[in-house]
Amino acid sequence: MRFEIQLRIVGDDNNVISEGEILQFDKGDDRLEAIGLSFANSKAILVGIQERVVNAQAASFLVRHRCCDFCGSLLLSKGPGRIRFRTAFGTIVLSSPRFHHCPCQPGVARTFSPLSLLLTERIAPELLYLETRWASLVSYGMTADLLRDVLPIGSTADASTIRRHLHKVAARYEADLSGEQPGGLDEGPVNGQPLPQAAVIVGIDGGYIRNWHDKKHNFEVVVGKSMAADRDDRYFGLVRSQDEQPGRRFRDVLRTQGLPVTQPVTMLTDGGDSVRGLVGELSPGAAHLLDWFHIALRLTGLGQYAKGLTHHNPVEAVAVQYRLERIQWRLWHGDGDEALTRAQVLAADVAALNSAYPGLKRLVKATAGLATYIANNAAAIVHYSERWHKGERISTAFVESTVNLVISRRFAKKQQMQWSKGGAHRLLQTRTKTLDGTLRDLFTRWYPDMTVHDNQVPALAMAA
Ligand SMILES: [Zn+2]
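This write-up is about the structure you can find in this document. All values derive from a computational prediction rather than experimental measurement.

Within the protein, Cys68 (SG), Cys71 (SG), Cys102 (SG) and Cys104 (SG) serve as the donor atoms for the zinc ion, at 2.2 to 2.3 Å. Considering all 4 donor atoms around the zinc ion, angles at the metal cover 102 to 120 degrees and the coordination shape is tetrahedral. Linear spacing of the donor residues for the zinc ion on their chain is C-x2-C-x30-C-x1-C.

The following block contains the structure:
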């Protein structure tokens, strides 16, 4: 059987602008693999159609810009030129003539090419979106492979091009944040009343990835999740040294949740130095809570060391375990002062212990670490028991999984992939938006017509 694909382009006045054949191909009907279009068929058809569609649009635009906008005189041609426009359905080479500016407009640059007023970027926003979305989920190389498999984009999709494009998207988002108006504080929803502080919970936590510039070392990336009643969750992420505007970044998170940017929030952290310092920068009025999950994790670890002591100093081992339980009880009831005093005394006693226990060194270090940890986070220790009974959140265990979700796979902790701080920071921007489903919204903010669904009429419906 022979198939012939034809395309007819009709102008606004219903005149046929162009009509012609896109592709012919033969296909049998006696083998499974012959049924339907192959990828090669579909790619050839798409490229053929795209070429004519884009050329027709460019030609129509050029006709409208052939004369001076001010006096209507025909513009003098300076000569031919070319523009390459990358789309998901092929890279289209367009002829793009240059014109002299009209003499009625003195003082402007001498020549210009009208098409560059239309094609302000040389890549179609939809392709940029697709590249960004997939490269946020899987590696740059795999994204290139995937797109090449299904789209007629040939060799124009390679890992480094896609990385460059993703970085451009992230940089544009950063520029949007810097452009936040000083009066942007009332930019929130018009009648948005802040929810009670306890109703918006933000968990932040850090994770480490390998430094490309200094292969022996890791650096920290911070990941957060914002949760509010009746609203979709949002993720955010950053590399501290790359982020000049954590406050603006966080206000944008609230905005995309439909919350006023002045929304008071409760932030839960693991109590690490870098994350603790970030709370006030993200949201100056935030209530900061040391999360129970990390306290419990620390005490459990200590309990293990203490258990190991049993074989060498059974009496002391029981005593240490009992004292840890009492410290935990004090913390659970929000009595950070008493917990600190007890932790300090315990650390001193353990340090003075005379024992052959091989794990003693670690036990001494961990008990001292507990005291420091409580001291550093004194202001963020709350009455957990009371919160628990009121049904309020006390744990960022949910953030632990966020860190794994956001960092582990794409940043390939296991494969020892290496990152520059800037590259990691930029990828975090697009990845968090891809994961919480707001990347598309970002694009439609930049390219409003991406939301418009073309007026499609299926041929079969037309025939009916
Ligand atoms: Zn003019």
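Next comes the rest of the description.
As a further point, take the packing of helix H3 (residues 125–137) against helix H14 (residues 421–435). Close contact between H3 and H14 brings their axes to 9 Å; oriented N to C, the two are set at 95 degrees. Considered as vectors, H3 and H14 are oriented roughly perpendicular to each other. Where H3 abuts H14, its residues Thr132, Arg133, Ala135, Ser136 and Leu137 lie against Leu427, Thr430, Arg431, Thr434 and Leu435. For the contact of H3 with H14, the class distribution of residues is 4 nonpolar, 4 polar and 2 charged.

With phi around 70 degrees, asparagine 14 is a residue other than glycine that occupies positive phi space. Examined against the element boundaries, asparagine 14 turns out to sit in the loop between strand E1 (2–10) and strand E2 (16–26). You can call asparagine 14 exposed: its relative accessible area is 64%. Backbone geometry at aspartate 230 places phi at a positive 60 degrees, although glycine is not the residue there. Topologically, aspartate 230 is positioned in the loop between strand E9 (218–228) and strand E10 (234–238). With relative accessibility at 81%, the residue aspartate 230 sits in the exposed group.

Turning our eyes to something else, we now look at the pairing of E9. The side chains of a regular strand alternate between the sheet's two faces. Buried residues dominate E9, accounting for 9 of its 11 residues. Where strand E8 (residues 200–211) folds back on E9, the antiparallel hairpin that results is connected by 6 residues. In this sheet, E10 lies alongside E9 in antiparallel orientation, the contact comprising 5 bridges. Note on E10: the bridge partner recorded for valine 222 is leucine 238. What sits between the antiparallel neighbours E9 and E10 is a turn of 5 residues, in which aspartate 230 has the positive phi angle 60 degrees.

What follows deals with the environment of alanine 88. With respect to the helices and strands, alanine 88 occurs in the loop between strand E4 (82–87) and strand E5 (90–95). Judged by relative accessible area, alanine 88 falls into the buried class, the value being 11%. Distance from alanine 88 to leucine 147, taken between C-alpha atoms, is 8.6 Å for residues 59 residues apart in sequence. Residues in contact with alanine 88, not counting those within four places in the same chain, are Leu127, Leu151, Pro152 and Ile153.

This part is about empty space enclosed by the protein. For the structure shown, the criterion picks out 1 cavity of 30 Å³ or more. The computed volume of the largest cavity comes to approximately 100 Å³. Surrounding the largest cavity, 13 residues form its lining, Tyr173, Tyr235, Phe236, Val253 and Lys433 being those nearest its centre. Only E10, helix H6 (246–256) and H14 provide two or more residues apiece to the lining of the largest cavity. Per-element tally for the lining of the largest cavity: the top contributor is H6, with 4 residues. Residues that form the lining of the largest cavity fall into these classes: 4 nonpolar, 4 polar and 5 charged.

Glancing now at the packing of H3 against helix H15 (residues 439–446). Interaxial distance between H3 and H15 falls to 11 Å at its minimum, and their mutual angle equals 155 degrees. Between H3 and H15, the crossing angle belongs to the class labelled roughly antiparallel. Seen from above, H3 lies across H15 with right-handed handedness. Residue-level contacts link Pro125, Glu126, Leu128, Tyr129, Thr132 and Arg133 of H3 to Leu439, Arg440 and Phe443 of H15. In the contact of H3 with H15, the residues fall into 5 nonpolar, 1 polar and 3 charged.

Turning to the pattern of salt bridges, a few remarks are in order. Using the criterion set out here, one finds 18 salt bridges in the structure. For glutamate 174, the salt bridge goes to arginine 249, with nearest N and O atoms at 2.8 Å. Of this pair, glutamate 174 sits in helix H5 (residues 159–178) while arginine 249 sits in helix H6; the two residues are 75 residues apart in sequence, bridging distant segments of the chain. Owing to a relative accessible area of 13%, glutamate 174 belongs among the buried residues under this scheme. Residue classification places arginine 249 among the buried positions, given a relative accessible area of 1%. We note a salt bridge from glutamate 338 to arginine 342, for which the minimum N-O separation is 2.8 Å. In this pair, glutamate 338 and arginine 342 both sit in helix H10 (residues 336–351), 4 residues apart, roughly one turn of the helix. By sharing partners, the salt bridges in this structure join Glu174, Asp243 and Arg249 into a single network.

A few words on the layout of surface pockets. Approximately 230 Å³ is the volume found for the second largest pocket. Residue lining of the second largest pocket: 13 residues in total, with Tyr140, Arg163, Gln418, Trp419 and Ser420 positioned closest to the centre. Breaking the lining of the second largest pocket down by element, the ones donating at least two residues are helix H4 (140–150), H5, strand E13 (418–419) and H14.

On to helix H13 (residues 397–408). The terminal C-alpha atoms of H13, which comprises 12 residues, lie 16 Å apart, in line with the 16 Å expected from a rise of 1.5 Å per residue. Where H13 is concerned, the buried positions are Phe398, Val399, Thr402, Val403, Val406 and Ile407. When H13 is viewed along its axis, its buried side chains cluster within an angular range of 145 degrees and face the same direction. Residues of H13 that are buried make contact with E8, E9, E10 and H14.

As a further point, take a nonpolar patch on the surface. A cluster of nonpolar side chains, Phe39, Leu146 and Val150, forms an exposed patch at the surface whose accessible area comes to about 260 Å². The residue leucine 146 is located in helix H4 in this model.

Definitions and limits used
- Residues numbered from 1 in each chain as written.
- Predicted model: local features only at pLDDT ≥ 70, side-chain atom pairs only at ≥ 80, totals over all residues.
- Heavy atoms only, no water.
- Donors = N, O, S within 2.8 Å, 3.2 Å for Na, K, Ca; no water.
- Tetrahedral: all angles 85-135°; square planar, octahedral: opposite > 155°, others 65-115°.
- Axes fitted to C-alpha atoms, helices over the stretch in contact; angles between N-to-C directions.
- Helix = DSSP H or I, 4+ residues; strand = E, 2+ residues; numbered from the N terminus.
- Parallel < 35°, antiparallel > 145°, perpendicular 65-115°, else oblique.
- Contact = heavy atoms within 4.5 Å.
- Nonpolar A, V, L, I, M, F, W, Y, C, P; charged D, E, K, R; others polar.
- Buried < 20%, exposed > 50% of the residue type's maximum accessible area, 1.4 Å probe, protein only.
- Pairing = 2+ DSSP bridges.
- 1 Å grid on protein atoms, 1.4 Å probe; cavity = no way out; pocket = protein on both sides within 12 Å on 5 of 7 lines; lining within 4 Å.
- Points joined across faces, edges and corners; volume = space filled by probe spheres on them.
- Left-handed = near helix turned anticlockwise from the far one by under 90°.
- Salt bridge = Lys/Arg side-chain N within 4 Å of Asp/Glu carboxyl O.
- Expected span 1.5 Å × (residues − 1).
- Arc of directions from axis to C-beta.
- Patch = residues over 30% accessible without salt bridge, like charges linked within 9 Å, V, L, I, M, F, W, Y side chains within 5 Å.
- Areas by Shrake-Rupley, 256 points an atom, 1.4 Å probe, with all protein chains shown as cover.

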